[in-house]
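Each chain, written out:
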Amino acid sequence: MRYENRDRLSPGRLFELASELTRRARDRELKLAVTGLRRSGKTVFTTLLVRHLLDGSGLPFLSAAREGRYLGAKILPLREEEAFPFDRFEEALSTDPPRWPEPTERLSRLRIAIRVRSPASLSRRLKPYRELTLEIVDYPGEWLLDLPLLIQSFEEFSYEAFALASAKPRAELASAWLARAHEVDQTGPADPLAIASLVRAYRDYLGACRDRLGLFYLVPGRFLAPGELAEHPALCFAPLPPAPLVPGSLRAAMIEAFTRYREEIVRPFFARHFSGFDRQIVLVDLLTALNAGPAHFADLRRALERVMYSFRYGRNGLLARLFAPKIDRLLFAASKADHVAPSQHAALKQLLERLVVSAHRAARFEGVEMAFLALSALRATEVVRTDHGGQILSCLKGRPLDSEREVVLYTGEIPPDLPEPEDWTSGRFRFRAFAPCRLVPGRPAPHINLDQALEFLLGDKL
Ligand SMILES: Nc1nc2c(ncn2[C@@H]2O[C@H](COP(=O)(O)OP(=O)(O)O)[C@@H](O)[C@H]2O)c(=O)[nH]1
Ligand SMILES: [Mg+2]
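Residues numbered from 1 in each chain as written. Chains lettered and ligands numbered in written order. Predicted model: local features only at pLDDT ≥ 70, side-chain atom pairs only at ≥ 80, totals over all residues. Heavy atoms only, no water.

A closer look at the environment of E29
Positionally, E29 belongs in strand β1 (residues 29-36). Along the chain, E29 and E135 lie 106 residues apart, while their C-alpha atoms are 7.6 Å from each other. Leave out the neighbours within four places in its chain, and E29 touches R111, L132, T133 and D278. (Helix = DSSP H or I, 4+ residues; strand = E, 2+ residues; numbered from the N terminus. Contact = heavy atoms within 4.5 Å.)

Considerations on the coordination of the magnesium ion (ligand 2)
T43 (OG1) and T104 (OG1) make up the full set of protein donors to the magnesium ion (ligand 2), lying at 2.1 Å. With T43 in helix α3 (residues 42-55) and T104 in the loop between α5 (86-94) and β3 (108-117), this residue pair connects regions lying 61 residues apart in the sequence. For T104, a relative accessible area of 39% puts it in the partly exposed group. (Donors = N, O, S within 2.8 Å, 3.2 Å for Na, K, Ca; no water. Buried < 20%, exposed > 50% of the residue type's maximum accessible area, 1.4 Å probe, protein only.)

Looking at the pattern of salt bridges
In total, this model carries 27 salt bridges according to the counting rule given. Two residues, R51 and D55, come together in a salt bridge whose shortest N-O distance is 3.9 Å. Taken together, the positions of R51 and D55, both in helix α3 and 4 residues apart, correspond to about one turn of that helix. R111 is the salt-bridge partner of E135, the closest N and O atoms lying 2.9 Å from each other. (Salt bridge = Lys/Arg side-chain N within 4 Å of Asp/Glu carboxyl O.)

Observations regarding the site of ligand 1
In the vicinity of ligand 1 lie 15 residues, with K42, T43, V44, D338 and H339 positioned nearest. Within the side chain of W100, an N or O atom sits 3.4 Å from an oxygen atom of ligand 1. At a separation of 2.8 Å, a nitrogen atom of ligand 1 approaches a polar side-chain atom of D338. When ligand 1 sits alone it has 570 Å² of accessible area, and the protein chains cover 96% of it. (Near = heavy atom within 4 Å. Polar contact = N/O pair within 3.5 Å; in protein donor to acceptor, adjacent residues only side chain to side chain. Areas by Shrake-Rupley, 256 points an atom, 1.4 Å probe, with all protein chains shown as cover.)

Listed below in structure tokens is the structure:
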């Protein structure tokens, strides 16, 4: 009987059914990656995203919620070491007074099962409910800075490091490391003490670039936030000026560690994690970069440009040649949009777009749908309108992080295009950071465009 039935299906219909089945199987799982450079808002975004999915409220732009089909979600258990500590982060934001979650520097994951009613179509009769298992992976954007190392030689890596260190603003911080790199006997035996001191000097220099200058373009990406790799021998290298390569020499040992870093740390991340991502959000904190000035802003731009290598899938893209990435939607979000008045959100989004796309006009993002947003995963301010001698201004009310009291502030304007030299000297960029508002059970947490972000990232799967 069964065979008879099957025989009646035309090859075309069979193919249709088979693809429907595979599509469904595939649709039940979605891997959403959350990244961004240090302090860009990954932890806060992930925490609030999960909280909203658990609550199912306060997301008017998510079509499944708007259409009344959203039923709920539950967190699925995961192995402890890599699990995103949602409860701890939610707790920090729920205490009185609330605190922002503590900084993190490693990859963490969370799995959540989401249940919706099927959309009113044929498939609702076949299957009234749909479940989507969403895996969220939060990882440091600094790791993406390392992708180009996969095709660079030690000489190329070193050349770039020296070129950067000789220019402003890094040059002043580089002298101790540079002196050591030039005086070390590269052709002599691989003395572990000499190597350790050279690596420490390079790392201190990178650390100073980060902590004293607030820079982001710091390669290798794991040197400052190695997480669980702190003791890994592959982290024992530093750039060297050109010299002949003698077997068993200090230079040979450095090249060996460089190769191990590439093969044992960088490549596995792209092969094991990155190539499995379906959707990606990249958070960018433009406001802190604008506050910090032109050198910092240019550095952020350079770092983003390098991060973009990871999403250039064009036939000749670096990643496409090395792995088979499958991200089909890529969202860039300017985070902490609640630090500026709503009238500035369009400019904030546009500035981000200029920063990311202008650098890559010629780049090809075949098969990847890109979008841009101004976002605040947890809105910490309220908008108030004040009369300023007859002129109505949009101001923000909130408690600045460095203050005890709530204040009402005029926060200024975001340039919709890359800032001009005079923008930097006029002192116009002084955006403040705010303390979080408290999460209260049963009350949707305020946000800006979190639902739009969700609709873009997973709306089509619900
Ligand atoms: N006002 C506001 N501040 C935010 C928001 N998201 C992040 N922040 C701030 O940015 C800091 C870094 O955020 P976090 O998520 O820890 O960044 P990560 O290093 O990328 O994980 C937080 O401690 C907050 O001060 C937001 O939506 N609104
Ligand atoms: Mg974090």
